[in-house]
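Observations on chain architecture
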Amino acid sequence: MSASPSTKQKERLIELRARLENNIEHLRHDLDRAQQQLADEAGSEDRLAEAAGLVQSRETGVSLEEQLSTLLERVEAAILAIDEGRYGICAACGRPIPDERLEAVPYAERCVDCQRKKEKR
Ligand SMILES: [Zn+2]
């Protein structure tokens, strides 16, 4: 019995999910540390510029965490779609998403045309 294409995609997605979860965990750890550093340095005037830099990187970190979380949600939705047998079907037009696109973006929810239309809006 050979693995079906969606079984292979599921393996890729599960691997991707593990990587994302790992990244998010590291990111949260770094954010905590940056916040702690900032609290320690508050009040020390010559460190103010440096502290401001930490706030900056913290804000960047939060938006990166949001991006990773969004990606993780999409990966989980794709894994669910495989389990429910509706993987690879465009969420907008209901046509099958081409294999090349799923190969490039395994968590794609839409075909290229529908994705472009969505992004133009
Ligand atoms: Zn479509």
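Let us look at the structure shown here. Every value quoted in this text rests on a predicted model; they were computed, and no experiment measured them.

**A few points about the side chain of glutamine 9**
With respect to the helices, strands and loops of the structure, glutamine 9 is situated in helix α1 (residues 5-41). A polar contact of 2.8 Å, which involves the side chain of glutamine 9, links it to the backbone oxygen of leucine 102. Residues in contact with glutamine 9, not counting those within four places in the same chain, are Ile82, Tyr87, Leu102, Glu103 and Pro106.

**Topic: the environment of arginine 28**
With respect to the element layout, arginine 28 can be found in helix α1. A relative accessible area of 42% means that arginine 28 is categorised as partly exposed. As a C-alpha pair, arginine 28 and glutamate 65 span 37 residues in sequence and 7.8 Å in three-dimensional space.

**Comments concerning the coordination of the zinc ion**
Every protein donor of the zinc ion is listed here as Cys90 (SG), Cys93 (SG), Cys111 (SG) and Cys114 (SG), and their distances to the metal cover 2.3 Å. Spacing between the donor residues of the zinc ion along their common chain follows C-x2-C-x17-C-x2-C. Pair noted here: cysteine 90 is in the loop between α2 (48-83) and α3 (99-104) and cysteine 111 is in the loop between α3 and α4 (112-120), with a separation of 21 residues, a long-range link. Its relative accessible area of 10% is what places cysteine 111 among the buried residues.

**Let's talk about the pattern of salt bridges**
Enumeration according to the criterion identifies seven salt bridges in this entry. The residue glutamate 103 makes a salt bridge to arginine 12 at a minimum N-O spacing of 3.1 Å. Placement of glutamate 103 in helix α3 and of arginine 12 in helix α1 is noted, with a sequence separation of 91 residues between them. A relative accessible area of 33% means that arginine 12 is categorised as partly exposed. One salt bridge in this structure joins glutamate 15 and arginine 19, with 3.8 Å as the shortest N-O distance.

Cut-offs and rules
Residues numbered from 1 in each chain as written. Predicted model: local features only at pLDDT ≥ 70, side-chain atom pairs only at ≥ 80, totals over all residues. Heavy atoms only, no water. Helix = DSSP H or I, 4+ residues; strand = E, 2+ residues; numbered from the N terminus. Polar contact = N/O pair within 3.5 Å; in protein donor to acceptor, adjacent residues only side chain to side chain. Contact = heavy atoms within 4.5 Å. Buried < 20%, exposed > 50% of the residue type's maximum accessible area, 1.4 Å probe, protein only. Donors = N, O, S within 2.8 Å, 3.2 Å for Na, K, Ca; no water. Salt bridge = Lys/Arg side-chain N within 4 Å of Asp/Glu carboxyl O.

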